[in-house]
Amino acid sequence: MTHQCKVRTNLLLIPETPSSSAQSSPCTSPHPVTSNGEPDNRDVPCAAVAPSPRMESEAYNSPSHIPVNEKNIRIFQKRAEKIRRQHDDERRRSAQEIQRGLQECEIRLEEIRSLGQSMEMKLLEDPENNWAMETWFALVHEREVLKCKEVMLKLSKREMELEVKYRDLNLRFKQLGEGMNDNLAANSDLLAAMLAVVEEKKEVNRLSENAKQSYKEVNPSMQALREKGRSFQKFKPIFSCL
């Protein structure tokens, strides 16, 4: 009996271990710790981030969110009109450059014709004149180059005219399209005119390719011409009407 009481007394005197009293429960501690003793913030929720007003504004003003109203329609119409005027200005400048190039070709071709006639008169008197012969070769070469350039400029001018004509016809066709049943005859005429423009444009493109090919063949042709010799007796006059 006495022995049992001593055992109970010893059990009551056993101190509590630090693990049972010093450590806090992860469920009750506001800052849980890891096995290394450092705070563990994995369970701490992140603060909610409010959306940026700038991002919302950009999303609202994006092309897919632009509201359709009279103000925006007027803005788009003004932009379209501005682009159309820019294209018209560019086309007008191109037409002016083409016309200026044609005038320069015409003036220079007339000068070459006059100089060529003078050289041919000299060569008819002295077929072995080397200086006159070299000058004649140079004039013939420049004449062929200018003729090719003149053809290409004329074709470019015609192509621009056809583009304007097709645009106008297409615009009229769209305007008449609202009353398709009432304007069948007019629409048929416009379609026929548009098809004619398309066919002519194809022909212009074909002629342009031929002109470019002729331009590439100028130098080989002149080389073959020079290989005939250095005496004008082997050539026929080109600039003079004899």
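No experiment lies behind these values; they were computed from the predicted model shown. (Residues numbered from 1 in each chain as written. Predicted model: local features only at pLDDT ≥ 70, side-chain atom pairs only at ≥ 80, totals over all residues. Heavy atoms only, no water.)

## Examining helix α6 (residues 184-216)
The end-to-end C-alpha distance of α6 is 48 Å, a good match for the 48 Å that 33 residues give at a rise of 1.5 Å each. Buried residues belonging to α6 abut α5 (130-176). (Helix = DSSP H or I, 4+ residues; strand = E, 2+ residues; numbered from the N terminus. Expected span 1.5 Å × (residues − 1). Contact = heavy atoms within 4.5 Å.)

## Overview of the packing of aromatic side chains
All chains considered together, the criterion is met by four aromatic pairs. Geometrically, the ring pair formed by Phe137 and Phe235 is edge-to-face, given 5.7 Å between the ring centres and 85° between the ring planes. A residue pair is termed long-range when its members are at least 10 positions apart, and Phe137 in helix α5 and Phe235 in the segment after α7 (218-226) qualify at 98 residues. The burial state of Phe137 is the same as that of Phe235; both residues are buried. One aromatic cluster is present, formed by Trp136, Phe137, Phe232 and Phe235 through successive ring pairs. (Phe/Tyr/Trp six-rings, centres within 6.5 Å; stacked < 30°, edge-to-face > 60°. Buried < 20%, exposed > 50% of the residue type's maximum accessible area, 1.4 Å probe, protein only.)

## A look at the environment of Leu123
With respect to the helices and strands, Leu123 occurs in helix α4 (residues 70-125). The spatial distance from the C-alpha of Leu123 to the C-alpha of Trp136 is 9.0 Å, given a sequence separation of 13 residues. Contacts of Leu123, omitting those with residues within four sequence positions, involve Asn129, Ala132, Met133, Trp136 and Phe232.

## So, the pattern of salt bridges
Taken as a whole and judged by the stated rule, the model has 17 salt bridges. Here Glu200 makes a salt bridge to Arg158, at a shortest N to O gap of 2.8 Å. Taken together, the residues Glu200 in helix α6 and Arg158 in helix α5 connect sequence positions 42 residues apart. Ionic contacts of the salt-bridge type, sharing partners, join the residues Asp88, Arg91, Arg167 and Asp168 into one network. (Salt bridge = Lys/Arg side-chain N within 4 Å of Asp/Glu carboxyl O.)

## Looking at the packing of α5 against α6
At their nearest, the axes of α5 and α6 sit 9 Å apart, and the two run at 160° to each other. In terms of axis orientation, α5 runs roughly antiparallel to α6. Judged by the sense of rotation from one axis to the other, the crossing of α5 with α6 is left-handed. Its residues placed into classes, the contact of α5 with α6 shows 21 nonpolar, five polar and eight charged. (Axes fitted to C-alpha atoms, helices over the stretch in contact; angles between N-to-C directions. Parallel < 35°, antiparallel > 145°, perpendicular 65-115°, else oblique. Left-handed = near helix turned anticlockwise from the far one by under 90°. Nonpolar A, V, L, I, M, F, W, Y, C, P; charged D, E, K, R; others polar.)

## What to know about the confidence of the model for the protein
Taken residue by residue, the protein gives an average pLDDT of 78. The fraction at 70 or more is 69%. Ignoring residues within four places in sequence, the model shows residues 43-51, a span with pLDDT below 50, making one contact including any to other chains. (pLDDT = per-residue confidence, 0-100.)

## What to know about α4
Relative to the 82 Å expected for 56 residues at 1.5 Å per residue, α4 spans 82 Å between its end C-alpha atoms, a close match to the ideal helical length. Taken as a whole, α4 has its buried residues at Asn72, Asp88, Ile98, Gly101, Leu102, Cys105, Leu109, Ile112, Gly116, Met119, Glu120 and Leu123. The elements touched by buried residues of α4 are α5.

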